[in-house]
Amino acid sequence: MMSAGVVIGPDELEQLVKALLARGYRALGPVVRDGAIILGEVEGTAELPKGWQDNQAPGSYSLNQTGSHNLFDWAVGPQSVKAEVFPPRSTIWTAKPPGYVVEEVPDEAAPVAVIGARPCDLAGLDVLGRALVNGSAADPTFQRRSGGAFLVVAECTHPANTCFCVSMGTGPGASHGFDVRLTELPGAGTEDPRYLALAGTRQGRELLDGLPGRPAQPADEAERVNLLARAASRMGRSVDNAGLPELLARNLSNPRWDDVAERCLACGNCTAVCPTCFCANFEDTTDLQGTVRRQRTWASCSDLAHSYVHGGPVRSSIKSRYRQWATHKFSWWWDQFGTSGCIGCGRCITWCPAGIDITEEIAALRASDGAASTTKGAGER
Ligand code: SF4
Ligand code: SF4
């Protein structure tokens, strides 16, 4: 459902957050914490990152304050919406003595409203949903939380050097998947910005109808189009997707995997920050009272233990684990879920301590298409 947009100011944006809180949502928004912009609980717009910009490069992230009144002059932080809808740790069931009847632990978190999700975040939720709603890894917590979330997307007008959403078709604008779409129309200097707001759902429409604001004019939409075109032209990176699943599938023995394995620390940062990685471990623990708890925790394909099958790990080398991550994202994901597993947010590039850049690795594989490694274990999965 789309309808005509309205233009609101900072006061109306504050009212929007308050209206969501009044409706019983927990409001999550971008906040500056520990030197990064992350998603935190907010009571209003005062906590949003006014005037902050991010600077990102492979293995590098910093913030600077410009003094502007804009709230969305940054790209993405380390944390995506994934942590909210697919928590890093969940208790699935418990069983208590003496009978040890298994009881599911219901997820009782209040529904969440995310203020300032990025278009790539929406794409990430869609990709995750293919695995966690209908797929073999269906997850009730994800289904409940993502289905009940109210999403206020802020279109991206300040992409980072590490972003490549244009080449993945996921940004910098958003056309669907949101309740309300905001485009920040910046003020000059320290003037307040305005927000071109559009409802994408009935709930979004009801919310916007309750706010004062003027109907959007063609000039507002033209400004939005210009801002997005400028953002797209400043995208720091790109991936050539032509025949990529097949390219990766036929290059499992390419020596480039040896090269990247020399640099990869197998730390798991790339999977922890990725908005679409959904691998999990299930672990049963027992406390001193004898209560058993089954917990689901995020896992990483770069972790040696995650490839343990009866008798030992099936991917014993870093090379095979990095290759598993990259080929699953950009190749096998298509077979399983009909889409790429990557939405081009660039987080894995920024937060890799070794500065490994997946776009560079893919370009190198393409440039050496067909080359074969002679090292031992070239065919190891
Ligand atoms: S693989 Fe990297 S760029 Fe792609 S979605 Fe995951 S973190 Fe973002
Ligand atoms: S690619 Fe980078 S972030 Fe990922 S496991 Fe290797 S060193 Fe860590």
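A word on the domain arrangement of the chain
Under the domain assignment used here, the chain contains domain 1 (6-233) and domain 2 (244-367). In this structure, domain 1 and domain 2 have C-alpha centres spaced 25 Å apart. The interface is formed by 40 residues belonging to domain 1 together with 32 residues belonging to domain 2. Among the elements of the structure, strand E5 (60-65), strand E6 (89-96), helix H3 (119-132) and helix H5 (165-168) are those that each provide at least two residues to the side of domain 1 that touches domain 2. Sorting elements by how many residues they give to the side of domain 1 that touches domain 2 places H3 first, with nine residues. The class makeup of the residues in the side of domain 1 that touches domain 2 is 23 nonpolar, twelve polar and five charged.

So, the site of ligand 2
Around ligand 2, 13 residues are found, and the nearest of them are Cys264, Cys267, Asn269, Cys270 and Cys352. Looking at the shell around ligand 2 residue by residue, the classes come out as ten nonpolar, three polar and no charged.

Some thoughts on the sheet that holds strand E3 (residues 36-41)
One open sheet accounts for eight strands, arranged E3-E2-E8-E9-E10-E11-E1-E12; its pairing is mixed. In this open sheet, the two strands that pair with only one neighbour each are E3 and strand E12 (214-215). The pairing of strand E10 (residues 180-185) with strand E11 (residues 194-199) spans six bridges and is classified as antiparallel. Bridging across to E11, Arg181 finds its partner in Leu198. Relative to E11, helix H6 (residues 202-209) is tilted by about 140°, and along the sheet it contacts strand E1 (6-8), strand E9 (150-154), E10 and E11.

Section: the packing of helix H9 (residues 256-263) against helix H11 (residues 318-337)
Where H9 contacts H11, the two axes come as close as 8 Å, and the packing angle between them is 105°. When the axis of H9 is compared with that of H11, the two are roughly perpendicular. From H9, Trp257, Asp258, Val260 and Ala261 reach across to H11, where they touch Ile318, Lys319, Tyr322 and Arg323. Taken together, the residues of the contact of H9 with H11 sort by class into five nonpolar, no polar and three charged.

Quick word on the site of ligand 1
Taken together, 13 residues lie near ligand 1, and Cys274, Cys342, Cys345, Arg347 and Cys348 sit nearest. When the residues that make up the shell around ligand 1 are grouped by side-chain class, the tally is eight nonpolar, three polar and two charged.

Side note on the pairing of strand E14 (residues 292-298)
As paired strands, E6 and E14 are joined by six bridges and run antiparallel to one another. Opposite Arg89, over in E14, you have Thr297 as the bridge partner. Between strand E13 (residues 280-286) and E14, which pair antiparallel one after the other, the connecting turn spans five residues, and Gly290 there sits at a positive phi close to 90°.

Section: the sheet that holds E14
Reading across from one edge, E7-E6-E14-E13 is the order of the four strands in this open sheet, with antiparallel pairing throughout. With partners counted over all chains shown, the strands left at the sheet margins are strand E7 (101-104) and E13, one partner each. If you compare each strand with its neighbour and ignore which way they point, the axes differ by 25° on average.

Details of helix H7 (residues 218-233)
If you check H7, its first and last C-alpha atoms are 23 Å apart, about what 16 residues at 1.5 Å a residue would give, namely 22 Å. Those residues of H7 that fall on the buried side of the exposure criterion are Arg224, Leu227, Leu228 and Ala231. The buried residues of H7 all sit within an arc of 95° when viewed along its axis, so they share a single face. Exposed residues lying more than 90 degrees from the buried face of H7 are Pro218, Ala219, Ala222, Val225, Asn226, Ala229 and Ser233. Buried residues along H7 sit against E10 and E11.

Parameters and conventions
Residues numbered from 1 in each chain as written. Chains lettered and ligands numbered in written order. Predicted model: local features only at pLDDT ≥ 70, side-chain atom pairs only at ≥ 80, totals over all residues. Domains from an automatic or database assignment. Contact = placed C-beta atoms within 7 Å. Helix = DSSP H or I, 4+ residues; strand = E, 2+ residues; numbered from the N terminus. Nonpolar A, V, L, I, M, F, W, Y, C, P; charged D, E, K, R; others polar. Near = placed C-beta within 6 Å. Pairing = 2+ DSSP bridges. Axes fitted to C-alpha atoms, helices over the stretch in contact; angles between N-to-C directions. Parallel < 35°, antiparallel > 145°, perpendicular 65-115°, else oblique. Expected span 1.5 Å × (residues − 1). Buried ≥ 20, exposed ≤ 12 C-beta atoms within 10 Å, placed from the backbone. Arc of directions from axis to C-beta.

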